[in-house]
Structures are given as C-alpha cells and as structure tokens.
Amino acid sequence: MGPGGEETAAKRANPSPAGEDRLSALPDDVLVLILLRLRTPEAVWTSVLSRRWRSVWGLLPELRFSYPEPHGLRDALAASAVPLRCLLVGGLRGAPAESIATWLPAAARRLSGDLILLDKGPERYASGGGGGGESEERGALELPCFEKATSISLDLGCLGLSAPPAGVFARLTELSLSGVRFHGPYELGGAVSSPRCPCLQKLTLQDVQGLDNLAISSDSLKLVALKHLRGLRKLAVVAPVVKELSVVRCFFCDRTRQPVANISVPQLELLTWVDAYDPSSMHLGKMENLKWLSTIFLVYGREGLAQNRACLMFVSRVKVIKHLTLILAYLQKINSYQYLMEDMTILPDTMSLHLILYAGRHSFGACSFHILRMCPGIKRLIMEFCDYFIGKTQAECPQGCICGQPSNWKTEELKLNCLREVEIRQFRGSDHELVFLKRLFTWATGLKRIAVAFNDSVAESTTKELCKMLRTFSRPEICMDFYVYQNKVKVLYASED
Ligand SMILES: *[C@@H]1O[C@H](CO)[C@@H](O)[C@H](O)[C@H]1NC(C)=O
Ligand SMILES: *[C@@H]1O[C@H](CO)[C@@H](O)[C@H](O)[C@H]1NC(C)=O
C-alpha cells in the first residue's frame, strides 16, 4: 500500500477543497458505485476520510487484493457488511498455508459469488520435479466449505491442500484447482460429487499432486478436465450428463503401477485422451454421441507404447466422427527407435481432420501422408506445425537422423477429392513444410480455400517471400489467405502483390 493511493482516493472523494463536501451527502449506494471505480485498496483507504466514509467500503460487493497482509485482510472481510459477489486475492507469492488460513474462513462466510486465489510464485516452476523442499515448508491448507460461492478458482503454486471433511457447496457451479498438492484423509472425489456439490458443472484439475484415487459421481457435471494429475492411479467417473472430458498426462508418469479406470459418461460429445490406456484394467462405457475426438500418437518409439495403444484403441473403436484431432509427436533422438506409423491401420470415417505435429525440426511428411491416406473423405484439414517436441524446447534434428527415410510420400499418388478447405497454423516456411505443402496441392484436386497463419517468429521480409512461393504452388481457382500475428492478435496479411 503506497501513500500515493491514499492521496488520490482522498482527492477523488473530496473534490471541493473549499469545504463543502457534497459527495459525502450522497446515499450509500451511490458512494458504492464511486468506490467500485477505484482499486480495492484505495477504496478501503477512503475509510480514513471521515466518519461518513468509515464503513462505506464495507458495502462493496467486489474486493480485489494483491499482496495482502493476512490479518488486515481477515479484518476487512469481517467488516464487509454485504454478500461478496467476487473476491480476488492475487500475488500470494508462496505464502505459507497458515497465512492464507488466517482469512480464508472469513471469506467463506462472506462470499456468495466468485473466489479467485492466484499464487504464481517462482518456486512453482522451480520445483517441477516432484513436490520438492520449499513447497513442503508451506504446510497444507484446509479448504473451508464455501456454502454460497458460485465459482472457485485456486492456482496455488504447489501448496498443500485438503478437501473439507464435511459441508455442502450448495451453489458451486465451477471449480478449478491448479498447482496444489493433496494432503490429508479426505477424498477430493467425495467433496466434488453430487451430494456435496449438487450444482457443479465444470471441474478442472491441473498440475495436481497427491491424488492417488479420484472417484467422482455427479448428476450435474457437464465438463471434466484433468491435466497432469501426477501420481493418479485410479480414476472413476460416473457422470450421466457430462459432454466434455479430457484426460491429459495423468497416468503416464508412473509406469510401475497399472492404471485403473472406470468411466461412465454416456452423453459425452467431446473426448480428449492424451494418456495411457490399458483395456485390461481401464473400462470406458458407451459414448454414442461422440463428435470430437483428440488423441496422441508417438511416431517413433518402442513397440507397445501405452499411449500409442490408447490412441489405436480409440481410433479403431470409433467408426464415424465429425472432428478428429491427432497429435503426432516425435522425440528428439529417434535413431534407436522404430517407425510406428504402420501400427495405425484404421481411422474413423471423418469429415474434419486436425493434425498437430510436434515434430521439432524433423521431417513429418511420411507420418502425415500415412494419416491422410486413411482419410480420403475429409472435407476440411487443419495442420499445425509445432516447432518443438512434447515437453522439450530443443527443436533441432540431430545429424544423420532417420526421420527422412520413409519417402514414399514424395512420389506416391493420393487423391483427396473431397478436400475443400485447408488451414495451416504456425507456418515457419521450413523446407519440410514447403515440400509437404507443395505435395498437398497436387493431392487436393478440389481445393477451394487455404488459409496460412505464420508463426510470429517469422520476419516480415521472410513472410513476403514465403507468400510469393506458396502462390506458385496454388491454382487460380483456390482462394489463398495469409495471416500474421500483431501483438498476439491474428490479422490478415496484406501482401502488396
Ligand atoms: C464401473 O462403474 C459402474 C457404474 O458405477 C459399475 O456398475 C461397474 O461395476 C464398474 N465396473 C468396474 C469394472 O468396476
Ligand atoms: C510461435 O512458435 C513459438 C515456439 O514454437 C511458440 O511458443 C509461439 O506460441 C508461436 N506463436 C504463435 C502466435 O502461436
């Protein structure tokens, strides 16, 4: 809290220094509207202006704090006289559990809207390995039961957390937990299931440790997103109205224990499964409404990879799908591994294919060709070129790499007669990209439109050259658009010619 803010607040609240304070004569609800235009700490400082102002800020329905002093925050929450529709506390900077526990119960009593806690302390990234030292010292926070809150979003920089042993989150519709380590005897699954979260519609868990067993049974959930639940071994989801489920790298990390799952989501429309799947211990019920499927396949690796088995299981089990997203991933060093694409012999009948290539600087022509050959009926194709490998930033293709060996795609014919629209994302203009696109134009004889979006690392002069070159691959009947990023916003690129 800087002294400057106090001055500003005082000036704004007391605009006529001549003495006549017309502002203070206004009714409470008007003063609250004025305070809502200030930042919360400034609004709180208005309480020093005069008696009239002392309690006005306590009528604020929204409070936002950064780097709060825990006792001050507790007193502020206790003094707040109206139901809060939003409480945001940011900049916790690795605060110990004890300090958050000072004020969190007061927040639970007040809040009837959204709770957002943000702690993006530096150690969150440093302790990536396995819940290391510093975060242990912060202790574990027991989440109070927020009986009236409608949404809770906690991003706690790897803080220990335990679910409340009892109580009903009667109005909660959205829960998002990120950067937490579960502790204690109470199961998160029980706390988020119907009896205790009867209105919960969206559940997002990301970068969570210590959840060995997660069992959710909910009649209200529509979306369940589980990402990086390190150490998850057993997952059960019984959710009759869930439409969207994603399971991303939850079971991968521990290959010594067999993952167990029982998932019953009969109304599912959108499934993202980027994880292991073992049919002998994991059970997925019927999903007859599935419209979107996303999954991952490792192009080179050892025979029998768990995530590849999962991918093959999904793509062979689903006969027809509207949108199929396939992530084709490479490791950086592949020379001692096998080319695994031949294992993929069948794909669902699909209209719209999205290929995401985590190929680094490897050649990706062969694996893309392999997939396209199995999808002769696609109308729409999106190709996204990621210039790195899964989990790595190093993009180089080592010397003498075998990635270019299967070269049938350079000569063999392919007819993609139904293909009308192509979208290229993250285009950088590498030789691999150019050679592949040139081939794609010859395969897609009925192509009507192509949109190419450049990655923002491509220089303006290079962009111009590349646009020119791509136009030489095209045909007059094809409408070709280019996009570039300006301040992270995608805009149409107007090349002069
Ligand atoms: C999976 O869950 C369903 C629904 O709760 C249950 O009926 C079934 O027995 C379970 N299957 C396994 C293999 O645990
Ligand atoms: C461009 O590529 C880099 C590195 O692969 C990536 O981090 C970045 O998000 C990309 N830019 C856009 C606009 O997608």
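The structure displayed is predicted, hence computed values, not measured ones.

Participant: Help me understand the overall build of the chain, please; the structure alone is not making it clear to me.
Facilitator: In terms of regular secondary structure, the chain is built from 13 helices and 24 strands. Residues counted as buried form 50% of the 497 residues belonging to the chain. In the chain, the proportion of contacts linking residues at least 24 apart, taken out of those at least 6 apart, comes to 64%. Surface exposure of the chain reaches about 23,400 Å², of which carbon and sulfur atoms provide 53%.

Participant: Help me understand the pattern of salt bridges, please; the structure alone is not making it clear to me.
Facilitator: For side chains of opposite charge, pairing can occur when their charged atoms come near one another. If you walk through the whole model with that rule in mind, you get 16 salt bridges. One salt bridge in this structure joins R428 and D387, with 3.6 Å as the shortest N-O distance. Here D387 lies in the loop between β20 (380-386) and β21 (421-427) and R428 lies in the loop between β21 and α12 (431-443), a separation of 41 residues in the sequence. For R428, a relative accessible area of 22% translates into the label partly exposed. Residues joined by salt bridges that share partners form a network here, namely R380, E384, E421, E423 and R425.

Participant: Whenever I open this one, the confidence of the model for the chain confuses me. Can you help?
Facilitator: For residues with low pLDDT, the predicted coordinates do not support detailed interpretation. In this model, the chain carries an average pLDDT of 86, and 87% of its residues clear a pLDDT of 70 or more. Every residue in residues 1-11 scores below 50 in pLDDT, and together they form nine contacts with partners more than four places removed in sequence or on other chains. This model gives residues 122-133 a pLDDT under 50, and the stretch forms 19 contacts once residues within four places in sequence are excluded.

Participant: How do you make sense of the state of the cysteines when you look at a structure like this?
Facilitator: Cysteine pairs can be covalently joined through their sulfur atoms, and such a bond is termed a disulfide. Enumeration over the complete set of coordinates arrives at zero disulfides. In this structure C401 is a free cysteine whose sulfur lies 3.8 Å from that of C397, the closest cysteine sulfur available. We classify C401 as buried; its relative accessible area is 19%.

Participant: What is the right way to read the side chain of T350 from this model?
Facilitator: Its location among the elements puts T350 in strand β19 (residues 349-358). Polar contacts involving the side chain of T350 include one to the main-chain carbonyl oxygen of K322, which spans 3.3 Å. With residues near it in sequence (within four places) discarded, T350 still touches I321, K322, H323, L324, C375, G377 and I378.

Participant: Help me out: how do you make sense of α12 in this one?
Facilitator: The α-helix winds at 3.6 residues per turn, so residues separated by three or four positions along the chain end up facing the same way. With 13 residues, α12 ought to run about 18 Å at 1.5 Å a step, and its terminal C-alpha atoms sit 19 Å apart, in line with that. Among the residues of α12, those classed as buried are E433, L434, F436, L437, R439, L440, F441 and W443. In this structure, the buried residues of α12 make contact with α11 (365-373), β20, β21, β22 (449-454), α13 (460-473) and β23 (479-486).

Participant: Any chance you could explain the site of ligand 2 here in plain terms?
Facilitator: Taken together, the neighbourhood of ligand 2 is formed by D387, Y388, Q426, R428, N455, D456 and Y485. Separating an oxygen atom of ligand 2 from a side-chain N or O atom of R428 is a distance of 2.7 Å. N455 places a side-chain nitrogen or oxygen 2.3 Å from an oxygen atom of ligand 2. Protein chains bury 60% of the 360 Å² of accessible surface belonging to ligand 2 in isolation.

Participant: What exactly am I supposed to notice about the sheet that holds strand β14 (residues 282-284) here?
Facilitator: Paired through their backbone hydrogen bonds, the strands of a sheet run either parallel or antiparallel. The parallel open sheet is built from four strands, whose spatial order is β8-β10-β12-β14. Whereas interior strands pair on both sides, the edge strands pair on one side only; in this sheet they are β8 (213-217) and β14. Between one strand axis and the next, the sheet turns by 5° as a mean value, whatever way the strands run. Bridge count between strand β10 (residues 234-238) and strand β12 (residues 260-264): five bridges; the pairing is parallel. By the bridge assignment, K234 is partnered in β12 with V260.

Participant: Looking at this model, I keep getting lost on unusual backbone geometry. Mind explaining?
Facilitator: Glycine aside, negative phi is the norm for most residues, and most peptide bonds take the trans geometry. A positive phi angle, close to 75°, is found at C158, a residue other than glycine. Relative to the helices and strands, C158 resides in strand β5 (residues 151-162).

Participant: Would you mind going over the packing of α11 against α12 with me for this structure?
Facilitator: Think of two packed helices as two axes; the pair is described by the angle between the axes and how far apart they sit. Two elements in contact, α11 and α12, have axes separated by 11 Å at closest approach and are oriented at 20°. Classified by the interaxial angle, the pair formed by α11 and α12 is roughly parallel. Classified by chirality, the crossing of α12 by α11 is right-handed. Across from G365, S368, F369 and L372 in α11, the residues of α12 making contact are F436, L440 and W443. When grouped by side-chain class, the residues that make up the contact of α11 with α12 number five nonpolar, two polar and no charged.

Reading the values: the criteria
Residues numbered from 1 in each chain as written. Chains lettered and ligands numbered in written order. Predicted model: local features only at pLDDT ≥ 70, side-chain atom pairs only at ≥ 80, totals over all residues. Heavy atoms only, no water. Helix = DSSP H or I, 4+ residues; strand = E, 2+ residues; numbered from the N terminus. Buried < 20%, exposed > 50% of the residue type's maximum accessible area, 1.4 Å probe, protein only. Contact = heavy atoms within 4.5 Å. Areas by Shrake-Rupley, 256 points an atom, 1.4 Å probe, with all protein chains shown as cover. Salt bridge = Lys/Arg side-chain N within 4 Å of Asp/Glu carboxyl O. pLDDT = per-residue confidence, 0-100. Disulfide = S-S within 2.5 Å. Polar contact = N/O pair within 3.5 Å; in protein donor to acceptor, adjacent residues only side chain to side chain. Expected span 1.5 Å × (residues − 1). Near = heavy atom within 4 Å. Pairing = 2+ DSSP bridges. Axes fitted to C-alpha atoms, helices over the stretch in contact; angles between N-to-C directions. Parallel < 35°, antiparallel > 145°, perpendicular 65-115°, else oblique. Left-handed = near helix turned anticlockwise from the far one by under 90°. Nonpolar A, V, L, I, M, F, W, Y, C, P; charged D, E, K, R; others polar.

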